[in-house]
Amino acid sequence: MSADPRSLCPGCEAPSRTRREFLRRSGIGFGWLAFAGLANRWAAAQDSGAAHFAPRAKRVLFLFMDGGVSHVDTFDPKPALTARHGESAKWRADARSQGISPSRKWLKSPWSFKQHGESGLWVSELFPHAARVVDDLCVVRSMVGENPLHGAQALLLHTGRAIGAAPSMGSWVSYGLGAENEQLPGYVVLNNDWIPNGGFQNFASSFLPATHQATLMRAEGPPVDNIVPADALEVQRAKLDFLREQDSAAAASLGGSDAIESAIHNYETAAHMQSLVPNLCDVSSESAATLRLYGVDRSNDYDRHYALQCLRARRLIEAGVRFVEVTCPLTHTNNAPWDQHGQLKFRHEENARITDQPVAALITDLKARGLLDETLVLWAGEMGRTPHSAGADGRDHHVSGYTLWMAGGGIRGGMTYGSTDEMGMSAVENVVDVHDIHATILHQLGINHKQLIFRFGGRDMRLTDVHGHVMKDVLA
């Protein structure tokens with residue numbers, strides 16, 4: 001029992017005999033612990049949080065139309081398709097278009113199109129509210145994807161990779177620019193009851209620090225689990241201090257650890273969220289006119305919840321969240337909200353009813369508050385739908401030519417960009433892919449997409465990989 005512990009355990013240090021001796025011997029350790037924390041914060045600041053040039057936008061609002069909105073039924077009218085309705089469908093071979101059976105026929109749109117606004121943009125009767133804000137929209141009609149599979153295309157749209165295991169666009173934006181509001185997450189997904197095809201990888205930070213992963217907020221019930229503190233403030237503060245002390249010591253013993261530092265930061269962000277998020281998600285302070293504008297007062301639960309999430313999106317943007325995404329609700333047992341292989345008329349009308357008013361309200365509200373100029377809005381699904389069908393009321397997956405739109409953030413409004421052929425089969429003018437969209441969004445945020453990199457797996461990784469061109473013709 002009297003043996004020197006150092007002889008029993010190599011590397012063991014003899015205990016201090018006095019408090020003075022303990023402090024003298026521990027002083028350098030405390031100093032290194034503090035230095036490790038400061039160094040990690042400094043390194044993070046060097047890696048991110050600074051634009052490469054003057055930005056036109058400060059943040060991004062992504063309205064994800066999961067499942068594939070039909071371009072020929074919404075923003076890309078095709079008179080030739082109407083004229084040839086019911087005829088046998090023949091087209092040049094295209095591996096990216098689903099549905100190759102010989103019995104397929106051209107299927108005209110069941111909705112009429114009209115020109116709207118000073119710009120005269122064509123919009124179908126599916127979107128009467130969007131038709132009122134067309135002068136703020138840049139409609140891109142020449143999108144192409146990689147393959148007609150929901151999961152792969154959803155991941156491609158979110159991460160720039162069809163195979164997953166890559167950071168989400170929101171994570172890259174958070175990493176590249178840093179937090180605008182240190183007390184809130186940089187990336188928030190306002191989820192409407194289900195996770196899109198591709199799973200949580202759509203919103204993950206992957207090899208980027210975990211602080212840049214999306215925080216999910218649901219529409220129904222408490223927006224975030226455990227958002228109400230279980231302890232008094234002073235007890236919670238003591239617990240956080242204890243966790244920080246333990247984790248910092250562990251990080252210091254490892255010579256610094258990004259994972260542990262991210263965990264510490266996430267604890268702190270979670271604590272701040274407990275005081276801020278309930279107020280941000282509570283829309284009771286909004287005027288009756290604003291609630292009606294978004295449709296929060298609508299009677300249908302799906303309508304009301306989507307409207308609520310869009311209003312919350314504006315509040316989060318206003319509070320300084322860098323990247324906000326709003327997903328669609330799934331009202332039926334199909335594969336995705338907008339995935340209408342059958343019941344095209346019924347389900348597309350249902351989805352349009354749910355989303356059209358709140359989306360248009362977002363554009364209107366952001367513009368009225370002076371936020372649209374500094375917020376880039378992206379409305380997009382992962383694919384379009386075939387202009388032909390094996391039946392009479394459904395369309396299949398299509399990535400050879402489809403449509404999305406952007407607004408605000410220095411994007412020119414009241415214009416279309418690119419086009420598909422006369423039947424809506426293939427993009428034929430100013431062809432655009434997802435990497436070009438990503439490059440353009442980053443450019444508007446003041447980021448050169450070729451310079452936003454993270455070293456991983458022995459190579460410099462980026463959102464656009466080795467692809468992507470800024471769409472300069474759509475910039476204001």
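Chains are numbered independently. Their residues run from 1 in the order of the written sequence. Only residues with pLDDT of at least 70 are given local features in this predicted model, and only at 80 or more are side-chain atom pairs given and counted; all residues enter the totals for whole chains, interfaces and linings. To obtain the side-chain values, all non-hydrogen atoms of the structure were used and water was disregarded.

Description of the layout of surface pockets
Here's step 1: Only protein atoms enter the 1 Å grid used here. Points where a 1.4 Å probe fits but cannot escape make up a cavity, open sets with protein on both sides within 12 Å along at least five of seven lines make up a pocket, and a residue lines them when an atom lies within 4 Å of a point. Grid points are joined across faces, edges and corners, and a volume is the space filled by probe spheres set on the points. Here the second largest pocket is characterised by a volume of approximately 150 Å³.
Here's step 2: Along the walls of the second largest pocket sit Asn 191, Asn 192, Asp 193, Arg 218, Ala 219, Glu 220, Asp 301, Tyr 302, His 305 and Pro 329, which together make up its complete lining.
Here's step 3: The way it works is that DSSP assigns letters per residue, a run of H or I at least four long becomes a helix, a run of E at least two long becomes a strand, and they are numbered from the N terminus. Residue contributions to the lining of the second largest pocket peak at three residues, all from helix α9 (residues 301–319).
Here's step 4: Residues of the lining of the second largest pocket, tallied by class, amount to three nonpolar, three polar and four charged. Amino acid classes used here: Ala, Val, Leu, Ile, Met, Phe, Trp, Tyr, Cys and Pro are nonpolar; Asp, Glu, Lys and Arg are charged; the rest, including Gly, are polar.

As for the packing of aromatic side chains
Here's step 1: Any pair of Phe, Tyr and Trp rings, taking the six-membered ring for Trp, is counted once the centres come within 6.5 Å. Such a pair is stacked with planes under 30 degrees apart, edge-to-face with planes over 60 apart, and tilted for the rest. Summed over the entire model, instances satisfying the criterion amount to 13 aromatic pairs.
Here's step 2: Here the aromatic rings of Trp 172 and Tyr 175 are separated by 6.1 Å at their centres, their planes lie at 75°, and the arrangement is edge-to-face. Highlighted residues: Trp 172 and Tyr 175, both in helix α5 (residues 169–177), separated by three residues, approximately one helical turn.
Here's step 3: Classification of residues uses two cut-offs on accessible area relative to the type maximum, computed with a 1.4 Å probe and protein chains only: under 20% is buried, over 50% is exposed, and between them is partly exposed. Under the relative-accessibility criterion, Tyr 175 is labelled buried at 6%.
Here's step 4: Ring geometry for Trp 172 against Phe 207: centres 6.2 Å apart, planes inclined by 75°, an arrangement best described as edge-to-face. Of the two residues, Trp 172 sits in helix α5 while Phe 207 sits in the loop between β6 (187–191) and β7 (215–218), which places them 35 residues apart along the sequence. The burial state of Trp 172 is the same as that of Phe 207; both residues are buried.

Re the nonpolar core
Here's step 1: Ranked by size, the top nonpolar core spans 56 residues in total, and within it Leu 61, Leu 63, Phe 127, Tyr 306, Val 377, Trp 379 and Trp 405 carry the most contacts.
Here's step 2: Counting residues per element, this core draws most heavily on helix α10 (residues 344–368), at nine residues.
Here's step 3: Those residues within four positions of Tyr 306 in sequence are excluded, and the remaining contacts are Leu 63, Met 65, Asn 192, Val 326, Thr 327, Cys 328, Pro 329, Ile 354, Thr 355, Pro 358 and Val 359.
Here's step 4: Core analysis: the next-biggest nonpolar cluster, separate from the first, contains 49 residues, Ala 162, Trp 172, Ile 411 and Met 415 among them. Side-chain atoms within 4.5 Å are what join buried Ala, Val, Leu, Ile, Met, Phe, Trp, Tyr and Cys residues into a set we call a nonpolar core. In this description, contact between two residues means that some pair of their heavy atoms is separated by no more than 4.5 Å.

A look at helix α6 (residues 233–253)
Here's step 1: An expected span of 1.5 Å times one less than the residue number is assigned to each helix. An ideal rise of 1.5 Å per residue puts 30 Å on 21 residues; α6 measures up with 30 Å between its terminal C-alpha atoms.
Here's step 2: Turning to α6, its buried residues are Gln 236, Leu 240, Asp 247, Ser 248 and Ala 251. Here the buried residues of α6 occupy an arc of 105° about the axis, which is enough to place them on one side. Within α6, the exposed residues directed more than 90 degrees away from the buried face are Glu 234, Glu 245 and Ser 253. Picture the helix axis, draw a direction to every C-beta atom, and the arc is the one those directions span.

Some details on the environment of His 398
Here's step 1: Within the element layout of this structure, His 398 appears in strand β12 (residues 397–398).
Here's step 2: Taking the relative accessible area as the measure of exposure, His 398 reaches 0% and is therefore buried.
Here's step 3: Along the sequence, His 398 and Pro 387 sit 11 residues apart, while their C-alpha atoms lie 8.7 Å from each other.
Here's step 4: Nitrogen and oxygen atoms within 3.5 Å of one another constitute a polar contact, given that in protein one can donate a hydrogen and the other can accept it, and given that sequence-neighbouring residues count only through two side-chain atoms. For His 398, the side chain forms a polar contact with the main-chain oxygen of Met 425, separated by 2.6 Å.

As for the packing of α9 against α10
The packing of two helices is summarised by the inter-axis angle and the distance between the axes.
Here's step 1: The axes are straight lines fitted to the C-alpha atoms, using for helices just the contacting stretch, and the angles between their N-to-C directions are given from 0 to 180°. Contact geometry for α9 and α10: axes closest at 8 Å, N-to-C directions at 20°. Overall, the two elements α9 and α10 adopt an arrangement that is roughly parallel. For the crossing formed where α9 meets α10, the hand is right-handed. Residues Tyr 302, Asp 303, Tyr 306, Ala 307, Cys 310, Arg 314 and Ile 317 of α9 touch α10, and the partners they reach there are Arg 353, Ile 354, Thr 355, Pro 358, Val 359, Leu 362, Asp 365 and Leu 366.
Here's step 2: The residue makeup of the contact of α9 with α10, split by class, is 10 nonpolar, one polar and four charged. The scheme is simple: roughly parallel for angles under 35 degrees, roughly antiparallel for over 145, roughly perpendicular for 65 to 115, oblique for anything else. A clockwise turn of the near helix away from the far one marks a right-handed crossing, whereas an anticlockwise turn of less than a right angle marks a left-handed crossing.

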